[in-house]
Amino acid sequence: MLGRGRTDSGVAEVGDVGGPAIPVARRAMWMTAAATVALWALVIIGAVGGVAAWLTRPDSGGAPVAQGRSATGPAGWAQAFIAAFLTAGEGQEARLRIFFPSAPSLDGVTAGMRQAGPVTVLRAGEAAAGYWTVTVAVDELTRTAQGDLVPDGVACYRVSLVARGDAAAGGTGAQGDPVGYSATRMPDRVACPSALAAAPALGYSTPVDPQDPVGDVVRRFLTALLTGTGELGRYTSPTATIRPIIPAPYSGVELVDARRDSLPGLDIAQPADGQRLAVLATVRVASATAIQLLSYPLRLSGRAGRWEVSALPGAPPLADDALPTVPAAPTPTASPSPLPSLSAPPSPSPSFSSWQESSRVPSS
């Protein structure tokens with residue numbers, strides 16, 4: 001039985017018979033107070049978060065500390081050091097002290113007997129933060145008794161150097177910090193990497209007939225790409241992002257060899273839409289000064305019953321057994337552009353065969 005009455009305080013109470021009475025107004029006050037406390041807690045938390053964000057905001061006049069270091073700067077500095085090192089001799093210590101302030105005396109060292117041709121970085125890695133070891137390969141030139149510079153093969157050298165400043169230049173500082181390098185010793189000569197006994201097998205097992213639809217589109221595409229003869233868009237798929245070479249570097253193109261992958265049920269004459277094919281084409285090209293051999297990995301696709309070039313992949317597919325079973329651990333590398341040799345002898349101009357002009361392929 002429910003009963004209603006009044007307490008001494010005048011607050012109405014509702015309760016079950018035999019159970020304690022619950023003040024309705026008091027319960028409402030408690031709920032209001034709890035909601036108020038929760039609201040203020042949220043306001044305080046938001047205010048604290050805002051203050052923390054303001055205190056930790058990036059300084060508009062500074063730059064955030066860089067997290068990653070680039071090997072490009074140290075690698076380029078090592079290239080320049082090796083080029084100077086090979087030519088410097090007695091009395092020319094200043095040439096080396098630009099790179100290594102503590103370079104020793106070069107008394108007894110013959111100057112100018114060796115020079116650097118192209119210098120290429122093979123490996124660049126950190127021994128500690130901002131402390132780099134760089135291995136380079138040099139196409140060395142040696143001066144003969146007659147004073148001529150002749151090729152003397154490839155030699156490999158290792159350089160250790162410290163980088164200071166901006167992490168984008170190999171140092172440990174923040175973006176925009178002044179950059180500086182210093183070698184920590186003279187270079188040492190090391191063994192160059194071994195050459196593989198044979199080239200890895202590629203995934204092209206079927207010869208391409210130069211006169212079939214695949215050979216024809218490959219030949220016409222490469223002629224348009226390399227000589228500007230013909231319209232490149234006629235031989236590429238609508239989604240291809242292949243750009244023409246401007247200005248065209250060659251005056252003639254000859255298809256020497258072409259091979260493709262083998263696909264079951266492939267219709268060379270009438271490819272299905274979306275049919276894909278990988279081709280490796282080797283061409284002989286002629287310019288005003290040289291004749292060269294180039295090879296192009298191509299990816300073809302079928303559309304409207306014909307073949308189109310859809311991509312120029314950088315790495316052609318390897319045969320299934322050409323990859324090592326355990327891949328090597330990745331090593332940070334950098335390969336800046338080789339430094340030009342200041343005194344390398346000019347290469348003789350080759351003679352041109354009659355195919356240079358006759359091999360141009362018409363666009364129709």
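Everything here concerns the structure above.
What comes next is a walk through the structure. (Residues numbered from 1 in each chain as written. Predicted model: local features only at pLDDT ≥ 70, side-chain atom pairs only at ≥ 80, totals over all residues. Heavy atoms only, no water.)

**Looking at the pairing of strand S12 (residues 291–303)**
Two strands pair when backbone bridges link them, and strand S11 (residues 276–286) and S12 are joined in this way by eleven bridges, in the antiparallel orientation. Bridging from a neighbouring strand, Thr282 pairs with Ser295 of S12. Between S11 and S12, which pair antiparallel and follow one another directly, the connecting turn spans four residues. Pairing of S12 with strand S13 (residues 306–311), which is carried by five bridges, proceeds in the antiparallel orientation. Each residue of the ladder has a partner; that of Arg299, found in S13, is Ala311. Remark: two residues form the turn of the hairpin made by S12 and S13, two consecutive strands paired antiparallel; Ala304 in that turn has positive phi of roughly 55°. (Pairing = 2+ DSSP bridges. Helix = DSSP H or I, 4+ residues; strand = E, 2+ residues; numbered from the N terminus.)

**Section: the nonpolar core**
Within the largest apolar cluster, 30 residues are counted, with the highest numbers of intra-cluster contacts made by Ile82, Leu96, Val134, Val136, Val138 and Tyr157. If you list the elements that add at least two residues to this core, you get helix H2 (72–87), strand S4 (114–128), strand S5 (131–143), strand S6 (149–164) and strand S7 (180–183). Among the elements that take part in this core, H2 stands out by supplying seven residues, more than any other. Excluding anything up to four places from it in sequence, Val134 contacts Pro74, Ala75, Ala78, Val121, Arg123, Ala124, Tyr157, Arg158, Val159 and Leu161. Ala240, Val253, Val283 and Leu298 belong to the second largest nonpolar core, which has 29 residues in total. (Core = buried A, V, L, I, M, F, W, Y, C linked by side-chain atoms within 4.5 Å. Buried < 20%, exposed > 50% of the residue type's maximum accessible area, 1.4 Å probe, protein only. Contact = heavy atoms within 4.5 Å.)

**Notes on H2**
For the α-helix, the turn length of 3.6 residues means that residues three or four positions removed from each other point alike. With 16 residues, H2 should cover 22 Å at 1.5 Å per step; its first-to-last C-alpha distance of 24 Å lies within 8% of that length. Three or more residues of H2 are buried, namely Pro74, Ala75, Ala78, Gln79, Phe81, Ile82, Ala84, Phe85, Leu86 and Thr87. Packing partners of the buried residues in H2 comprise helix H3 (93–97), S4, S5, S6 and S7. (Expected span 1.5 Å × (residues − 1).)

**Description of the packing of aromatic side chains**
Considering all chains together, one arrives at four aromatic pairs under this definition. Taking 5.6 Å as the distance between ring centres and 25° as the angle between the ring planes, the aromatic pair formed by Phe81 and Phe99 counts as stacked. Remark: Phe99 occurs in the loop between H3 and S4 and Phe81 occurs in helix H2; sequence separation between them is 18 residues. Just as Phe81 is buried, Phe99 falls in that class too. Taking the centre distance of 5.8 Å and the plane angle of 70° together, the rings of Phe85 and Tyr157 count as edge-to-face. Highlighted residues: Phe85 in helix H2 and Tyr157 in strand S6, separated in sequence by 72 residues. A relative accessible area of 16% means that Phe85 is categorised as buried. With a relative accessible area of 3%, Tyr157 lands in the buried category. (Phe/Tyr/Trp six-rings, centres within 6.5 Å; stacked < 30°, edge-to-face > 60°.)

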